[in-house]
Amino acid sequence: MTKSKVSLSILAIISIFTLTACNESSSQSEDNTLVAADSDDQSVESSTNIGLQPALFIDGALADEITTQTCTLSGGSETTCYRITIKGEPTSASIGPFCPPHITCDDTEGGIWFDGNGEIYSVDGEFIQSLSSLYGSDWQLYDPETGNVKITDSQIACEAAARPDVDPEYQNHCVERSIEYTNGGVEQTFLIPVEPVSMSNANAIGHDNIGVTLNGVVLAPPAPVQAILAANTIAAFDDCGGHVNPFEGYHYHAATGCTEETIEADGHAGLIGYAIDGYAIYAMRNAQGDEDEDLDECRGHSDETRGYHYHAASAAENMFIGCFKGEQGEIIEE
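Residues numbered from 1 in each chain as written. Predicted model: local features only at pLDDT ≥ 70, side-chain atom pairs only at ≥ 80, totals over all residues. Heavy atoms only, no water.

Undergrad: Quick one: what's the story with the overall build of the protein, residue by residue and with numbers?
TA: For the protein, the count of helices and strands is three helices and 22 strands. As presented, the protein carries roughly 14,400 Å² of accessible surface, and 44% of it is formed by carbon and sulfur atoms. (Helix = DSSP H or I, 4+ residues; strand = E, 2+ residues; numbered from the N terminus. Areas by Shrake-Rupley, 256 points an atom, 1.4 Å probe, with all protein chains shown as cover.)

Here you go:
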């Protein structure tokens, strides 16, 4: 039942809501505008990557051209930031599926689930049936007579199940969230320092978004899985570790192999994106499948090619990085 497909390169398209059985090169202009490079093959070779590289964002990931502007960071430093507006919808991976419609479904019909306790589960029929043994006898996410899984099948139902005080009608449901509920991706604008400003004492992650991926999606803080479980719901993630918030749109809570958009010439782990403090975030493991052993409390370290940078944690840990090593930019509310 432990997820074995979190590094899939081929992902199923978003599932149709149903309760039936399974059949179913950067250049900067005079006006400070930075143009992202095209990447038809969805992969860019990176040999020197110190600081944020606008050219590495995948073609189609951005809603506007990257520009620069003066900014004040979280520690009070005044500097220059990139203004980056992402589309909020992945350009190089599909969204979904999330919830399997029937207890006979295999792991191609659902996504994944992690609760921060060290396991990654396939959200398949077997998982749905096992919830009472995992989390308690009051869990029953399917109709025992038909085998149909109880799934939120509308925006109203989704929002009722996703709020902190879950509507009792939607307890014991798998929460299916469509990006169409937000009319597509939700654009968000980040101010990220051109040159990171290191801090002597790291900052906690908190509840704000962590950064952006090269394929145009928000890197979110740890998912509130305990609050979700307290309402007897499963707000499943897709195989890319993402799901849809009814208000903020699609975002990632874990790195599962869908976002590494660069090939590192030295076999280093692939680049995922950038934290809001300007430091790069790379995948957990290198080309040999090994994890670096010298990471600090923020899951970062330095090398001559990349300078200081982070490595994402495993999805089972329900996090990307442990803390911010640099002063943070900001998310612009528009």
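Still more ground to cover, so stick around.
Undergrad: Give me the state of the cysteines: which residues, what numbers.
TA: A full pass over the atoms with the stated rule returns four disulfides. The disulfide partner of Cys99 is Cys174, and the gap between their sulfur atoms is 2.1 Å. Looking down the S-S bond of the Cys99 and Cys174 bridge, the torsion is -85°, so its handedness is left-handed. You can see Cys99 sitting in the loop between strand E5 (78-86) and strand E6 (112-114) and its partner Cys174 sitting in strand E8 (residues 173-174), a full 75 residues away along the chain. Of the two residues examined, Cys99 and Cys174, each falls in the buried class. (Disulfide = S-S within 2.5 Å. Buried < 20%, exposed > 50% of the residue type's maximum accessible area, 1.4 Å probe, protein only.)

Undergrad: Lay out the layout of surface pockets in plain terms, naming residues and giving numbers.
TA: Put simply, the largest pocket is a space of about 970 Å³. What lines the largest pocket is a set of 38 residues, and nearest its centre among them are Asn209, Asn245, Phe247, Glu248 and His251. Put simply, the parts of the chain that give the lining of the largest pocket at least two residues each are helix H2 (155-162), strand E9 (188-193), helix H3 (225-230), strand E14 (242-245) and strand E22 (330-332). The biggest single contributor to the lining of the largest pocket is H2, with three residues. (1 Å grid on protein atoms, 1.4 Å probe; cavity = no way out; pocket = protein on both sides within 12 Å on 5 of 7 lines; lining within 4 Å. Points joined across faces, edges and corners; volume = space filled by probe spheres on them.)

Undergrad: Tell me about unusual backbone geometry, and name the residues and values.
TA: Cis peptide bonds are those with omega within 30 degrees of zero, and the linkage from Gly96 to Pro97 qualifies with -5°. Within the secondary structure layout, Pro97 lies in the loop between E5 and E6. One non-glycine residue with positive phi stands out, namely Asn183, at about 60°. Its location among the elements puts Asn183 in the loop between E8 and E9. Under the relative-accessibility criterion, Asn183 is labelled exposed at 75%. Of note in this structure, Arg299 is not a glycine but carries a positive phi near 70°. When its relative accessible area of 11% is taken as the criterion, Arg299 is described as buried.

Undergrad: Which residues make up the pairing of E14, and what values go with them?
TA: With four bridges connecting them, E14 and strand E15 (residues 249-252) associate as antiparallel partners. Across the sheet, residue Asn245 finds its bridge partner in E15, namely Gly249. Counting the residues that bridge the hairpin from E14 to E15 gives three residues. (Pairing = 2+ DSSP bridges.)

Undergrad: Hey, could you go over the environment of Tyr252 for me, with residue numbers and the actual values?
TA: Tracing the backbone shows Tyr252 in strand E15. For the pair Tyr252 and Phe237, spaced 15 residues apart in sequence, the C-alpha to C-alpha distance is 8.5 Å. Discounting residues that sit within four places of it in the chain, Tyr252 has contacts with Pro90, Thr213, Asn215, Val217, Val218, Leu219, Ala220, Cys240, Gly241, Gly242, Thr259 and Phe320. Among the polar contacts listed, one links the side chain of Tyr252 to the side chain of Asn215, at a separation of 3.3 Å. (Contact = heavy atoms within 4.5 Å. Polar contact = N/O pair within 3.5 Å; in protein donor to acceptor, adjacent residues only side chain to side chain.)

Undergrad: Let's hear about the pattern of salt bridges: which residues, and what values?
TA: Taken as a whole, this structure holds five salt bridges when the rule is applied. Among the salt bridges present, the one from Asp266 reaches Arg306, with a minimum N-O distance of 2.5 Å. One end of the pair, Asp266, is in the loop between strand E16 (262-264) and strand E17 (271-275); the other, Arg306, is in the loop between strand E19 (300-303) and strand E20 (307-311), and 40 residues separate them in sequence. Residue Asp266 is classed as partly exposed on the basis of its relative accessible area of 48%. One salt bridge connects Lys325 with Asp296, and the closest N-O pair in it is separated by 3.9 Å. Taken together, the residues span a long stretch of sequence, with Lys325 in strand E21 (residues 324-326) and Asp296 in the loop between strand E18 (280-282) and E19 at a distance of 29 residues. Shared partners join several salt bridges into a network, and the residues in it are Glu264, Asp266, Asp303 and Arg306. (Salt bridge = Lys/Arg side-chain N within 4 Å of Asp/Glu carboxyl O.)

Undergrad: Quick rundown of the packing of aromatic side chains? Include the residues and the values.
TA: For any pair of aromatic rings, the description consists of the separation of the ring centres together with the inter-plane angle of the planes. Counting across every chain of the model gives nine aromatic pairs. On the basis of an interplanar angle of 35° and a centroid distance of 6.2 Å, the ring pair of Phe57 and Tyr274 is categorised as tilted. Of this pair, Phe57 sits in the loop between strand E3 (44-46) and strand E4 (66-72) while Tyr274 is found in strand E17, placing the two residues 217 residues apart along the sequence. Across this residue pair, the class does not change: Phe57 and Tyr274 are buried. Arranged with centres 4.2 Å apart and planes meeting at 0°, the rings of Phe114 and Phe237 form a pair that is stacked. Within this pair, whereas Phe114 is found in strand E6, its partner Phe237 is found in the loop between strand E13 (233-234) and E14, the two being separated by 123 residues in sequence. (Phe/Tyr/Trp six-rings, centres within 6.5 Å; stacked < 30°, edge-to-face > 60°.)

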